[in-house]
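Structural characterization, general
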Amino acid sequence: MRPTVLLAPVLALTMPQIATAQPGMAPQIALAEWQARLGKEGDRNLVLNQMEIDTRLFAEKRFQEAAAAFDDAIAHIESVYADDPNAKKALSVWSSEGAKSFKGEPYERVMAYFYRGLIYLQKGDYENARAAFRQGQLQDAFAQESQNQCDFAVMLFLEAWASHQNGDKRLEEETMRRLRQIRPEQADLPADADTLVIAETGTAPRKLGDGASHAYFVFRRGKGFTEDRVEGREGERPVTFTPMEDIFHQATTRGGREIDRVLQGKVAFKQNTGGVGMALTDVGVAGGQINALAGGSLGSVAAGVSAVGAVALLLSMNANPTADTRSWSSLPDRVHVAVFSSKIYQAPSVTLHFLAGEAPGAAPDIDLPIETDGKGRHFAWARSR
Amino acid sequence: MSRPAFLPLSAVLMASLAASPALARDRRPPTVYAAPDSPGKVRGVGTDSQDIVAMSDQMMRDLLTVPQLMNATTAPRVIIDDAAFRNESSEMIDKALITDRIRVNLNRASAGRMRFVGREYADVVQQERDLKSAGKVDVGTTGRTRAMAGADYRLVGRIGTRDAIDPRTGVRSRYSMYTFELLDLEYGDIVWSNIYEFKKETQDNVIYR
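Summary of the structure given here.

Residue and element names in this part refer to chain A. On inspection of all chains with the given rule, the structure shows 11 aromatic pairs over all chains. Each ring, one from F70 and one from Y115, has its centre 6.0 Å from the other, and the planes form 15°; the classification is stacked. In this pair, F70 sits in helix α4 (residues 63–78) while Y115 sits in helix α6 (residues 106–123), placing the two residues 45 residues apart along the sequence. Taking relative accessible area as the criterion, F70 reaches 0% and is therefore assigned buried. Positioned above the aromatic ring of W34, the side-chain terminus of R37 is 4.5 Å from the ring centre.

Turning next to the pairing of strand β8 (residues 349–356) of chain A. Residues and elements named next belong to chain A. Across five bridges, the pairing between strand β4 (residues 229–234) and β8 is antiparallel. For V230, the partnering residue across the bridge sits in β8 and is F354. By the bridge criterion, two bridges tie β8 to strand β9 (residues 359–360) in an arrangement that is antiparallel. Bridge pairing links L355 to P360 in β9.

Turning our eyes to something else, we now look at the nonpolar core. Within the largest apolar cluster, 65 residues are counted, with the highest numbers of intra-cluster contacts made by F114, Y115, L118, L121, V154, L158 and I198 of chain A. Looking at which element gives the most residues to this core, the answer is α6 of chain A, with 11 residues. In this structure L158 of chain A touches F114, L118, L121, F133, L196 and I198 of chain A, once residues within four positions along its chain are discounted. By size, the runner-up hydrophobic cluster in this structure holds 27 residues, among which are M60, F85, I93 and I98 of chain B.

For the rest of this paragraph, the subject is unusual backbone geometry. Glycine aside, a negative phi is what most residues show, and trans is what most peptide bonds show. Although it is not a glycine, K61 of chain A adopts a positive phi angle of roughly 60°. With respect to the helices and strands, the residue K61 of chain A is situated in the loop between α3 (46–59) and α4. The phi torsion at A111 of chain B lies on the positive side, around 50°, for a residue other than glycine. With respect to the element layout, A111 of chain B can be found in the loop between α4 (96–110) and β3 (115–116). Since its relative accessible area comes to 64%, A111 of chain B is described here as exposed.

Okay, the sheet that holds strand β1 (residues 195–201) of chain A next. Residues and elements named next belong to chain A. Strand order in the open sheet formed by five strands is β6-β7-β1-β12-β11, and the pairing between neighbours is mixed. Two strands bound the open sheet, and with one partner strand each, they are β6 (242–246) and β11 (371–372). Looking at chain direction, β1 and strand β12 (residues 378–383) are connected through six bridges and run parallel. If you follow L196 over to β12, its bridge partner there is F379.

A separate point is a nonpolar patch on the surface. All names here are of chain B. Residues Y121, V124, V125 and M148 make up a contiguous nonpolar surface patch of about 340 Å² in total accessible area. Here V125 is to be found in helix α5 (residues 122–133). A relative accessible area of 35% means that V125 is categorised as partly exposed.

What follows covers the packing of α6 of chain A against helix α8 (residues 153–165) of chain A. The relative placement of two packed helices comes down to the angle between their axes together with the axis-to-axis distance. Residue and element names in this part refer to chain A. Between α6 and α8, the shortest axis-to-axis distance is 11 Å and the interhelical angle comes to 20°. Taken together, the axes of α6 and α8 lie roughly parallel to each other. Where α6 crosses over α8, the two elements pack in a sense that is left-handed. For the pair α6 and α8, the contacting residues are V110, Y113, F114, L118 and L121 in the first and V154, M155, L158, W161 and A162 in the second.

Residue and element names in this part refer to chain A. Along the chain, the position of V197 falls in strand β1. Exposure remark for V197: the relative accessible area of 0% places this residue in the buried category. Spatially, the C-alpha atoms of V197 and R130 are 17 Å apart, while their sequence positions differ by 67 residues. Every residue in contact with V197, bar those within four places of it in the chain, is listed here: F241, H336, V337, A338, F340, V350, L368, I370 and A380.

Cut-offs applied
Throughout this description, residue numbers start from 1 for each chain and increase along the sequence as written. By the order in which they are written, chains take letters starting at A while ligands take numbers starting at 1. Totals for whole chains, interfaces and linings use every residue, but because this is a predicted model, local features are given only for residues with pLDDT of at least 70 and side-chain atom pairs only at 80 or more, for both listing and counting. The side-chain quantities take in all heavy atoms of the structure and omit both hydrogens and water. Only Phe, Tyr and Trp rings take part, Trp by its six-membered ring, and two of them pair if their centres are within 6.5 Å. Stacked means planes under 30 degrees apart, edge-to-face means over 60, and tilted covers everything else. Secondary structure counts use DSSP, requiring at least four H or I residues in a row for a helix and at least two E residues in a row for a strand, with both numbered from the N terminus. Burial classes follow relative accessibility: with a 1.4 Å probe on protein chains only, a residue under 20% of its type's maximum area counts as buried, one over 50% as exposed, and anything between as partly exposed. Two conditions define a charge sitting above a ring: the NZ of Lys or the CZ of Arg must be within 6 Å of the ring centre, and it must be within 35 degrees of the ring normal. Strands pair, by our definition, only if DSSP identifies at least two bridges between them. The nonpolar core is taken to be a set of buried Ala, Val, Leu, Ile, Met, Phe, Trp, Tyr and Cys residues, with the residues joined through side-chain atoms within 4.5 Å. Throughout, a residue-residue contact means that at least one pair of heavy atoms, one from each residue, lies within 4.5 Å. Exposure above 30% relative accessible area and the lack of any salt bridge qualify a residue for a patch; like charges then connect within 9 Å, and the nonpolar side chains Val, Leu, Ile, Met, Phe, Trp and Tyr within 5 Å. All accessible-area figures derive from a Shrake-Rupley calculation using a 1.4 Å probe, and residue coverage is judged against the displayed protein chains alone. Salt bridges, as used here, are contacts in which a Lys or Arg side-chain nitrogen is within 4 Å of a carboxyl oxygen on Asp or Glu. An axis is simply a line fitted to the C-alpha atoms; with a helix, the fit covers only the stretch in contact. Between two such axes, the angle follows the N-to-C directions and lies from 0 to 180 degrees. Roughly parallel covers angles under 35 degrees, roughly antiparallel covers those over 145, roughly perpendicular covers 65 to 115, and oblique covers all other angles. For any pair of crossing helices, the crossing counts as left-handed if the nearer helix is rotated counterclockwise from the farther one by less than a right angle, and right-handed if it is rotated clockwise.

Set out below in structure tokens:
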């Protein structure tokens, strides 16, 4: 009898079970559940849980609470985890990448600063808003190919907008020049613009495990939506929305990660020890059969070979090269922006109409009130889902 | 195969695996006091509390040496707040942490040789003055003045940063420069300047690159 049959159920009891967020399930989870998870799941999922809590608080316009939660998440994103025990555990052969304390992929970290910056804009703190948008861009610096590094257009646009609101013409112009390096068609901000409307469409990119032992992941565009454009109307007057960012594109253009090499090494270890283990147990079993025929003189040798084979199989079964598929499920698919002057568009709200290409999308229209920030300028945000 | 030889070995192996701790339940330490001027446990390349303490102390000590402030016949009036202290950096920061600390410590150290105008509280002062003018409250114990105090000097400044990242190694660095200046509010000239600058480098765990 192969030792693996005896060992498998025992190993199932001893191997640690690591809970991971299921893609597609999380949007249905309410704020209270995420807050409960924050208390239960500790540092390993602190940033992920804070991100999920933050977007829900933001959507409910509980900006002060959202600000505190985002600041906590950002402090952990910014912190250096060189000696973090969870990070060391995740690098070990015996633990999956998901053992590490979650910080998010670069696009997720950028979006934490995106929302924090919007909260500063809503409050009228344009300098800190600018700092948030600027700092967020630095999280996008790790793309494998240089043209995909620091190419988060919406962050550059909002940095320029914050400078515009703060009356910093020089900084606004510098940032718009940087934006036009990736968006050559982007026009200057209208000099009298004092209103910003942000519309998000769709649902977050999905991170799915793939390959042997799910040692790497692939991104797929979010599910359950068709809309990818926004049209606005203020009374009878059209409001033009520019599609400023594709979050799925940002997720997929990051390229390879350093940890991918570690995970491939774990895969190789798992496969090699598994192969050796199977071979040795086969030899051991065969040796046992030969031993019986030879009158028992080879018994201890056969047993030793089987034992070594069993050890190798144990090592292989415990090696865990699974990539981390945790992701921020409440991000949008795309971000669209519109800026205009309240002297021209004087209505208290703008109607958002979501389109899938040229056709109407499935998401209902939204009549979005325009709010006034702490300095008398105007801001509004809405999401199609 | 010798079953007795195999079973103890398996038992030892399984026991050693079972002894490997499962993911430790995170135990948050209880809240403890930490010195504001000591490095914290959450560290990156940004401005920490010890930087704020160090820079505000340095600026305060330097302001005590400015002749226009310390040797004037009449105590000059100074505004020290964050209204004209501009953040042009990549760092989200509450500027008032710095300017409040400078003002409070300078006020205490100057022992009356300077007077500090609370311009950010001007609306509160005006509200009280309106009540006195309307006769709804009495004139207090210090009497009325024609107007609120005008200021002679104001602290102005700028925060700037320069960030760099090496995508290959994950090394991040930030150079931060805090510029402090004292502006003559009548002539417009700068009577005092100082800089607090630092650079920090860090490298995160490979698992986050």
